[in-house]
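Commentary on secondary and tertiary structure
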Amino acid sequence: MLRYTVKRLIQGVITVWFIATATFIAMHSVPGDPLSGERLANAEIRANLEARYGLDRPLLEQYLIYMGNMARGDFGISFTQQNRRVNDIIREHFPVSATLGILAVVFAALGGILWGALTALFRNRLPDIVIMFLVILGISVPSFVVAALSQLGLTSLNSLLGVSILPVAGWGTLLHMIVPSMVLGLGTMAFLTRLMRSSMLEIINADYVRTARAKGLPPTRIFLKHQLRNAILPVITVLGPAIAAITTGGFVVELVFAIPGLGRYFVQAVQQLDYTVIMGTTVFYGAFLVFMVIVVDLIYGLIDPRVRLE
(Lines give C-alpha, C1' and ligand atoms only; values in the text may rest on other atoms or scores of the structure.)
Protein backbone atom coordinates (compact mmCIF):
# COMPACT_ATOMS: atom_id res chain seq x y z
CA MET A 1 0.00 0.00 0.00
CA LEU A 2 2.81 2.45 0.86
CA ARG A 3 4.59 1.80 -2.42
CA TYR A 4 1.37 2.29 -4.37
CA THR A 5 0.57 5.50 -2.47
CA VAL A 6 4.00 7.00 -3.20
CA LYS A 7 3.70 6.01 -6.86
CA ARG A 8 0.28 7.64 -7.18
CA LEU A 9 1.51 10.81 -5.45
CA ILE A 10 4.42 11.10 -7.89
CA GLN A 11 2.03 10.64 -10.80
CA GLY A 12 -0.21 13.30 -9.27
CA VAL A 13 2.65 15.82 -9.01
CA ILE A 14 3.57 15.21 -12.66
CA THR A 15 -0.07 15.70 -13.67
CA VAL A 16 -0.31 18.99 -11.76
CA TRP A 17 2.93 20.18 -13.38
CA PHE A 18 1.48 19.39 -16.81
CA ILE A 19 -1.73 21.25 -15.97
CA ALA A 20 0.22 24.29 -14.76
CA THR A 21 2.46 24.31 -17.86
CA ALA A 22 -0.47 23.91 -20.26
CA THR A 23 -2.37 26.70 -18.49
CA PHE A 24 0.63 29.03 -18.66
CA ILE A 25 1.10 28.39 -22.40
CA ALA A 26 -2.61 28.76 -23.10
CA MET A 27 -2.90 32.05 -21.21
CA HIS A 28 0.05 33.58 -23.04
CA SER A 29 -1.36 32.40 -26.37
CA VAL A 30 -4.75 34.05 -25.88
CA PRO A 31 -5.17 37.34 -27.78
CA GLY A 32 -5.53 40.36 -25.54
CA ASP A 33 -3.69 42.31 -22.90
CA PRO A 34 -4.32 42.03 -19.14
CA LEU A 35 -3.12 45.63 -18.73
CA SER A 36 -5.34 47.10 -21.42
CA GLY A 37 -7.97 49.79 -21.01
CA GLU A 38 -7.48 52.75 -18.73
CA ARG A 39 -4.09 51.50 -17.55
CA LEU A 40 -2.63 52.30 -20.99
CA ALA A 41 -3.35 55.99 -20.57
CA ASN A 42 0.14 56.53 -19.18
CA ALA A 43 3.20 54.72 -20.57
CA GLU A 44 5.05 55.06 -17.26
CA ILE A 45 2.17 53.45 -15.37
CA ARG A 46 2.10 50.60 -17.87
CA ALA A 47 5.88 50.08 -17.54
CA ASN A 48 5.58 50.01 -13.75
CA LEU A 49 2.75 47.48 -13.93
CA GLU A 50 4.68 45.27 -16.35
CA ALA A 51 7.71 45.36 -14.05
CA ARG A 52 5.49 44.65 -11.01
CA TYR A 53 3.97 41.55 -12.60
CA GLY A 54 7.09 40.47 -14.49
CA LEU A 55 5.49 40.95 -17.91
CA ASP A 56 8.56 42.81 -19.19
CA ARG A 57 10.74 39.70 -18.88
CA PRO A 58 11.30 36.91 -21.44
CA LEU A 59 8.59 34.24 -21.57
CA LEU A 60 10.88 31.48 -20.29
CA GLU A 61 11.88 33.59 -17.30
CA GLN A 62 8.22 34.33 -16.60
CA TYR A 63 7.53 30.59 -16.69
CA LEU A 64 10.36 29.78 -14.27
CA ILE A 65 9.18 32.49 -11.86
CA TYR A 66 5.60 31.23 -12.16
CA MET A 67 6.58 27.59 -11.47
CA GLY A 68 8.84 28.60 -8.58
CA ASN A 69 6.05 30.61 -6.94
CA MET A 70 3.57 27.80 -7.54
CA ALA A 71 5.91 25.28 -5.90
CA ARG A 72 5.84 27.51 -2.80
CA GLY A 73 2.05 27.74 -2.97
CA ASP A 74 2.07 31.38 -4.06
CA PHE A 75 -0.21 32.16 -7.02
CA GLY A 76 0.57 35.87 -7.10
CA ILE A 77 -1.55 39.02 -7.03
CA SER A 78 -4.69 39.62 -9.05
CA PHE A 79 -4.31 41.94 -12.04
CA THR A 80 -7.81 43.39 -11.66
CA GLN A 81 -8.51 43.32 -7.90
CA GLN A 82 -6.28 45.86 -6.21
CA ASN A 83 -3.79 44.46 -3.68
CA ARG A 84 -5.62 41.14 -3.46
CA ARG A 85 -3.68 37.91 -3.62
CA VAL A 86 -5.00 34.90 -5.53
CA ASN A 87 -4.35 32.75 -2.44
CA ASP A 88 -6.72 34.99 -0.48
CA ILE A 89 -9.40 34.69 -3.16
CA ILE A 90 -9.13 30.89 -3.08
CA ARG A 91 -9.05 30.76 0.73
CA GLU A 92 -12.11 33.00 1.11
CA HIS A 93 -14.34 31.67 -1.64
CA PHE A 94 -13.44 28.01 -2.18
CA PRO A 95 -15.14 26.98 1.12
CA VAL A 96 -18.40 28.29 -0.34
CA SER A 97 -17.96 26.23 -3.50
CA ALA A 98 -16.86 23.23 -1.43
CA THR A 99 -19.93 23.46 0.83
CA LEU A 100 -22.22 23.63 -2.18
CA GLY A 101 -20.32 20.76 -3.81
CA ILE A 102 -20.44 18.51 -0.73
CA LEU A 103 -24.20 18.95 -0.39
CA ALA A 104 -24.60 18.24 -4.11
CA VAL A 105 -22.45 15.09 -3.82
CA VAL A 106 -24.48 13.81 -0.85
CA PHE A 107 -27.69 14.40 -2.80
CA ALA A 108 -26.27 12.78 -5.95
CA ALA A 109 -24.73 9.76 -4.21
CA LEU A 110 -27.70 8.92 -1.99
CA GLY A 111 -30.17 9.47 -4.82
CA GLY A 112 -28.08 7.57 -7.37
CA ILE A 113 -27.60 4.53 -5.12
CA LEU A 114 -31.25 4.47 -4.02
CA TRP A 115 -32.84 4.97 -7.45
CA GLY A 116 -30.33 2.69 -9.17
CA ALA A 117 -31.05 -0.14 -6.74
CA LEU A 118 -34.81 0.34 -7.11
CA THR A 119 -34.69 0.29 -10.90
CA ALA A 120 -32.71 -2.96 -10.82
CA LEU A 121 -35.07 -4.62 -8.33
CA PHE A 122 -38.14 -3.52 -10.35
CA ARG A 123 -36.60 -4.08 -13.77
CA ASN A 124 -38.95 -3.42 -16.71
CA ARG A 125 -41.77 -2.46 -14.34
CA LEU A 126 -43.36 0.91 -13.67
CA PRO A 127 -40.81 2.22 -11.09
CA ASP A 128 -37.96 1.31 -13.46
CA ILE A 129 -39.62 3.00 -16.45
CA VAL A 130 -40.48 6.21 -14.56
CA ILE A 131 -37.09 6.56 -12.87
CA MET A 132 -35.13 5.86 -16.07
CA PHE A 133 -37.22 8.44 -17.94
CA LEU A 134 -36.33 11.02 -15.29
CA VAL A 135 -32.68 9.93 -15.46
CA ILE A 136 -32.59 10.58 -19.20
CA LEU A 137 -34.03 14.05 -18.58
CA GLY A 138 -31.45 14.71 -15.86
CA ILE A 139 -28.59 13.78 -18.18
CA SER A 140 -29.96 15.59 -21.24
CA VAL A 141 -31.01 18.94 -19.77
CA PRO A 142 -28.09 21.36 -19.11
CA SER A 143 -27.58 22.59 -15.56
CA PHE A 144 -28.17 26.26 -16.48
CA VAL A 145 -31.60 25.33 -17.88
CA VAL A 146 -32.48 23.40 -14.72
CA ALA A 147 -31.23 26.31 -12.60
CA ALA A 148 -33.33 28.85 -14.50
CA LEU A 149 -36.42 26.63 -14.40
CA SER A 150 -35.99 26.00 -10.68
CA GLN A 151 -35.73 29.73 -10.02
CA LEU A 152 -38.85 30.34 -12.11
CA GLY A 153 -40.70 27.61 -10.24
CA LEU A 154 -39.62 28.95 -6.85
CA THR A 155 -40.64 32.49 -7.79
CA SER A 156 -44.08 31.30 -8.92
CA LEU A 157 -44.55 29.15 -5.82
CA ASN A 158 -43.51 31.91 -3.42
CA SER A 159 -45.80 34.35 -5.21
CA LEU A 160 -48.71 31.91 -5.15
CA LEU A 161 -48.36 31.15 -1.44
CA GLY A 162 -47.57 34.74 -0.50
CA VAL A 163 -44.56 33.64 1.55
CA SER A 164 -40.97 32.73 0.70
CA ILE A 165 -40.69 28.97 1.09
CA LEU A 166 -37.11 28.85 -0.20
CA PRO A 167 -34.83 31.73 -1.28
CA VAL A 168 -34.54 32.23 -5.02
CA ALA A 169 -30.91 33.36 -4.82
CA GLY A 170 -28.19 34.33 -2.38
CA TRP A 171 -26.13 32.53 0.23
CA GLY A 172 -25.86 32.38 4.00
CA THR A 173 -28.33 29.87 5.44
CA LEU A 174 -29.16 26.21 4.89
CA LEU A 175 -32.32 27.22 3.03
CA HIS A 176 -30.19 29.06 0.47
CA MET A 177 -28.19 25.85 -0.16
CA ILE A 178 -31.01 23.37 -0.79
CA VAL A 179 -32.09 24.21 -4.34
CA PRO A 180 -28.60 25.07 -5.76
CA SER A 181 -27.14 21.83 -4.38
CA MET A 182 -29.97 19.78 -5.87
CA VAL A 183 -29.58 21.50 -9.24
CA LEU A 184 -25.80 21.01 -9.18
CA GLY A 185 -26.03 17.34 -8.20
CA LEU A 186 -28.88 16.39 -10.53
CA GLY A 187 -26.76 15.40 -13.53
CA THR A 188 -24.34 13.37 -11.41
CA MET A 189 -27.23 11.65 -9.64
CA ALA A 190 -28.68 10.62 -13.00
CA PHE A 191 -25.32 9.21 -14.10
CA LEU A 192 -24.83 7.33 -10.81
CA THR A 193 -28.36 5.93 -11.08
CA ARG A 194 -27.59 4.36 -14.45
CA LEU A 195 -24.26 3.05 -13.19
CA MET A 196 -25.82 1.59 -10.05
CA ARG A 197 -28.62 -0.03 -12.05
CA SER A 198 -26.17 -1.76 -14.41
CA SER A 199 -24.02 -2.92 -11.50
CA MET A 200 -27.01 -4.26 -9.57
CA LEU A 201 -28.29 -6.17 -12.58
CA GLU A 202 -24.95 -7.99 -12.80
CA ILE A 203 -25.02 -8.81 -9.09
CA ILE A 204 -28.65 -9.89 -8.65
CA ASN A 205 -28.20 -13.30 -10.26
CA ALA A 206 -24.57 -13.90 -9.26
CA ASP A 207 -23.63 -17.32 -7.91
CA TYR A 208 -22.99 -16.13 -4.36
CA VAL A 209 -26.40 -14.41 -4.30
CA ARG A 210 -28.14 -17.62 -5.37
CA THR A 211 -26.16 -19.48 -2.71
CA ALA A 212 -27.28 -16.99 -0.07
CA ARG A 213 -30.90 -17.48 -1.12
CA ALA A 214 -30.48 -21.27 -1.02
CA LYS A 215 -29.18 -20.99 2.54
CA GLY A 216 -32.40 -19.24 3.50
CA LEU A 217 -30.93 -15.83 4.34
CA PRO A 218 -33.49 -13.02 4.73
CA PRO A 219 -33.99 -10.93 1.55
CA THR A 220 -33.05 -7.75 3.41
CA ARG A 221 -29.71 -9.22 4.49
CA ILE A 222 -29.03 -10.51 0.99
CA PHE A 223 -29.76 -7.09 -0.46
CA LEU A 224 -27.66 -5.12 2.01
CA LYS A 225 -24.72 -7.44 2.55
CA HIS A 226 -24.34 -9.22 -0.78
CA GLN A 227 -26.02 -7.19 -3.51
CA LEU A 228 -25.74 -3.55 -2.45
CA ARG A 229 -22.25 -3.87 -0.98
CA ASN A 230 -20.79 -5.32 -4.17
CA ALA A 231 -22.85 -3.26 -6.61
CA ILE A 232 -21.76 0.00 -4.99
CA LEU A 233 -18.06 -0.54 -5.80
CA PRO A 234 -18.22 0.93 -9.35
CA VAL A 235 -20.06 3.93 -7.90
CA ILE A 236 -17.24 4.48 -5.40
CA THR A 237 -14.75 4.29 -8.27
CA VAL A 238 -16.28 7.28 -10.06
CA LEU A 239 -17.20 9.14 -6.87
CA GLY A 240 -13.78 10.81 -6.58
CA PRO A 241 -13.87 12.44 -10.02
CA ALA A 242 -17.57 13.15 -9.45
CA ILE A 243 -16.83 15.00 -6.20
CA ALA A 244 -14.14 17.07 -7.86
CA ALA A 245 -16.29 17.69 -10.94
CA ILE A 246 -19.24 18.86 -8.86
CA THR A 247 -17.13 20.99 -6.54
CA THR A 248 -15.28 22.63 -9.42
CA GLY A 249 -18.10 22.57 -11.95
CA GLY A 250 -20.64 24.79 -10.26
CA PHE A 251 -19.67 27.94 -12.16
CA VAL A 252 -23.02 28.36 -13.90
CA VAL A 253 -25.03 27.45 -10.81
CA GLU A 254 -23.07 29.94 -8.72
CA LEU A 255 -23.71 32.69 -11.26
CA VAL A 256 -27.43 31.94 -11.62
CA PHE A 257 -28.05 31.75 -7.87
CA ALA A 258 -25.66 34.65 -7.03
CA ILE A 259 -23.49 32.45 -4.83
CA PRO A 260 -20.11 34.02 -3.87
CA GLY A 261 -18.09 30.92 -4.68
CA LEU A 262 -14.74 30.55 -6.38
CA GLY A 263 -16.35 29.68 -9.72
CA ARG A 264 -17.90 33.12 -9.90
CA TYR A 265 -14.47 34.75 -9.56
CA PHE A 266 -13.02 32.41 -12.15
CA VAL A 267 -15.64 33.49 -14.70
CA GLN A 268 -14.93 37.16 -13.91
CA ALA A 269 -11.20 36.54 -14.30
CA VAL A 270 -11.75 35.00 -17.75
CA GLN A 271 -13.85 37.99 -18.80
CA GLN A 272 -11.19 40.44 -17.56
CA LEU A 273 -8.20 38.35 -18.70
CA ASP A 274 -6.79 38.23 -15.17
CA TYR A 275 -3.81 35.90 -15.77
CA THR A 276 -2.90 35.20 -12.17
CA VAL A 277 -6.44 34.38 -11.02
CA ILE A 278 -7.10 32.15 -14.04
CA MET A 279 -3.84 30.24 -13.70
CA GLY A 280 -4.05 30.01 -9.91
CA THR A 281 -7.62 28.69 -9.79
CA THR A 282 -7.00 26.30 -12.70
CA VAL A 283 -3.95 24.76 -11.02
CA PHE A 284 -5.78 24.64 -7.69
CA TYR A 285 -8.79 22.88 -9.22
CA GLY A 286 -6.51 20.50 -11.14
CA ALA A 287 -4.59 19.59 -7.99
CA PHE A 288 -7.85 19.08 -6.13
CA LEU A 289 -9.14 16.73 -8.83
CA VAL A 290 -5.90 14.70 -8.82
CA PHE A 291 -5.99 14.48 -5.03
CA MET A 292 -9.58 13.22 -4.99
CA VAL A 293 -8.84 10.56 -7.61
CA ILE A 294 -5.87 9.29 -5.55
CA VAL A 295 -7.93 9.21 -2.35
CA VAL A 296 -10.73 7.24 -4.00
CA ASP A 297 -8.24 4.77 -5.51
CA LEU A 298 -6.84 4.09 -2.04
CA ILE A 299 -10.30 3.79 -0.47
CA TYR A 300 -11.39 1.43 -3.23
CA GLY A 301 -8.45 -0.85 -2.46
CA LEU A 302 -9.36 -0.89 1.23
CA ILE A 303 -13.04 -1.61 0.62
CA ASP A 304 -12.51 -4.40 -1.89
CA PRO A 305 -9.77 -6.80 -0.72
CA ARG A 306 -9.80 -8.46 -4.13
CA VAL A 307 -8.10 -5.39 -5.59
CA ARG A 308 -4.30 -5.56 -5.61
CA LEU A 309 -2.61 -2.18 -5.52
CA GLU A 310 0.90 -3.26 -6.48
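The following paragraphs examine the structure supplied in this document.

About the criteria used
- Residues numbered from 1 in each chain as written.
- Predicted model: local features only at pLDDT ≥ 70, side-chain atom pairs only at ≥ 80, totals over all residues.
- Heavy atoms only, no water.
- Helix = DSSP H or I, 4+ residues; strand = E, 2+ residues; numbered from the N terminus.
- Contact = heavy atoms within 4.5 Å.
- Areas by Shrake-Rupley, 256 points an atom, 1.4 Å probe, with all protein chains shown as cover.
- Buried < 20%, exposed > 50% of the residue type's maximum accessible area, 1.4 Å probe, protein only.
- Expected span 1.5 Å × (residues − 1).
- Core = buried A, V, L, I, M, F, W, Y, C linked by side-chain atoms within 4.5 Å.
- Salt bridge = Lys/Arg side-chain N within 4 Å of Asp/Glu carboxyl O.
- Axes fitted to C-alpha atoms, helices over the stretch in contact; angles between N-to-C directions.
- Parallel < 35°, antiparallel > 145°, perpendicular 65-115°, else oblique.
- Left-handed = near helix turned anticlockwise from the far one by under 90°.
- Nonpolar A, V, L, I, M, F, W, Y, C, P; charged D, E, K, R; others polar.
- Phe/Tyr/Trp six-rings, centres within 6.5 Å; stacked < 30°, edge-to-face > 60°.

Secondary structure summary: the protein chain contains 13 helices and zero strands in total. Order of helices (α) and strands (β) in the protein chain, N terminus to C terminus: α-α-α-α-α-α-α-α-α-α-α-α-α. A separation threshold of at least 6 residues defines the contact pool for the protein chain, and within that pool the share at least 24 residues apart is 72%. Carbon and sulfur atoms provide 67% of the accessible area of the protein chain, an area that totals close to 17000 Å².

Here Leu186 lies in helix H7 (residues 174–204). Taking the C-alpha atoms as reference points, Leu186 and Gly138, 48 residues apart in sequence, are found 6.2 Å from one another. Apart from the residues lying within four places of it in its own chain, the contact partners of Leu186 are Phe107 and Val146.

With that settled, consider the environment of Gly187. When you line up the elements, Gly187 lands in helix H7. We classify Gly187 as partly exposed; its relative accessible area is 31%. Considering only alpha carbons, one finds Gly187 and Pro142, 45 residues apart in sequence, at a separation of 8.3 Å.

Here the focus is helix H3 (residues 59–71). The terminal C-alpha atoms of H3, which comprises 13 residues, lie 18 Å apart, in line with the 18 Å expected from a rise of 1.5 Å per residue. Just beyond H3, the residue with positive phi is Gly73, at close to 80°.

Bringing the nonpolar core into the picture now. If you look at the biggest cluster of nonpolar residues, it comprises 34 residues, and the most contacted ones within it are Tyr66, Met70, Phe94 and Val283. Looking at this core, the elements with two or more residues in it are helix H1 (2–29), H3, helix H4 (86–121), helix H12 (262–272) and helix H13 (275–303). A total of eleven residues in this core trace back to one element, the largest contributor, which is H13. The contact partners of Met70, leaving out residues within four places of it in the chain, are Ala20, Phe75 and Val283. Ranked by size, the runner-up nonpolar core spans 17 residues in total, among them Ala104, Leu154, Val179 and Phe257.

Let's shift gears to the pattern of salt bridges. Pairing between side chains becomes possible if they bear opposite charge and their charged atoms approach one another. One pass over the full model with this rule turns up four salt bridges. Glu92 is the salt-bridge partner of Arg84, the closest N and O atoms lying 2.5 Å from each other. A salt bridge links Arg197 to Asp128, with the nearest nitrogen and oxygen atoms 3.0 Å apart. Taken together, the residues span a long stretch of sequence, with Arg197 in helix H7 and Asp128 in helix H5 (residues 126–140) at a distance of 69 residues. The exposure class assigned to Asp128 is buried, which follows from its relative accessible area of 4%.

The next point concerns the packing of H5 against H7. In a pair of packed helices, the angle between the axes and the distance between the axes together describe the arrangement. Where H5 contacts H7, the axes come no closer than 8 Å and their chain directions differ by 135°. As the angle between them shows, H5 and H7 are arranged oblique. As for the relative orientation of H5 and H7, their crossing is left-handed in sense. For the pair formed by H5 and H7, the contact residues are Asp128, Ile131, Met132, Val135, Gly138 and Ile139 on the first element and Gly187, Ala190, Phe191, Thr193, Arg194 and Arg197 on the second. Tallied by class, the residues present in the contact of H5 with H7 amount to six nonpolar, three polar and three charged.

When you line up the elements, Val238 lands in helix H10 (residues 233–248). Given a relative accessible area of 24%, Val238 falls into the partly exposed group. Those residues in contact with Val238 that lie beyond four places of it in its chain are Phe191, Leu192 and Leu195.

At 3.6 residues per turn, the α-helix brings residues three or four places apart onto the same side. Looking at H12, one finds that the buried residues are Leu262, Gly263, Tyr265, Phe266, Val267 and Ala269. Where H12 terminates, the next one or two residues include Leu273, which has phi positive at roughly 55°.

Here we come to unusual backbone geometry. With phi around 65°, Asn124 is a residue other than glycine that occupies positive phi space. As for its placement among the helices and strands, Asn124 is situated in the loop between H4 and H5. Positive phi is not limited to glycine here, since Ala258 has a value of about 55°. Mapped onto the fold, Ala258 is located in the loop between helix H11 (251–256) and H12.

This part covers the packing of aromatic side chains. Under the defined criterion, the tally for this structure stands at six aromatic pairs. An angle of 20° between the planes, with centres 5.4 Å apart, marks the rings of Phe24 and Tyr66 as stacked. Separated by 42 residues along the polypeptide, Phe24 in helix H1 and Tyr66 in helix H3 bring together distant segments of the chain. The exposure classification of Phe24 matches that of Tyr66, with both residues buried. Measuring from ring centre to ring centre gives 4.8 Å for Phe94 and Phe284, while their planes differ by 85°; the resulting arrangement is edge-to-face. Here Phe284 lies in helix H13 and Phe94 lies in helix H4, a separation of 190 residues in the sequence. A relative accessible area of 13% places Phe94 in the buried class. Given a relative accessible area of 22%, Phe284 falls into the partly exposed group. Through successive ring pairs, a cluster of aromatic residues spans Phe94, Phe284, Tyr285 and Phe288.

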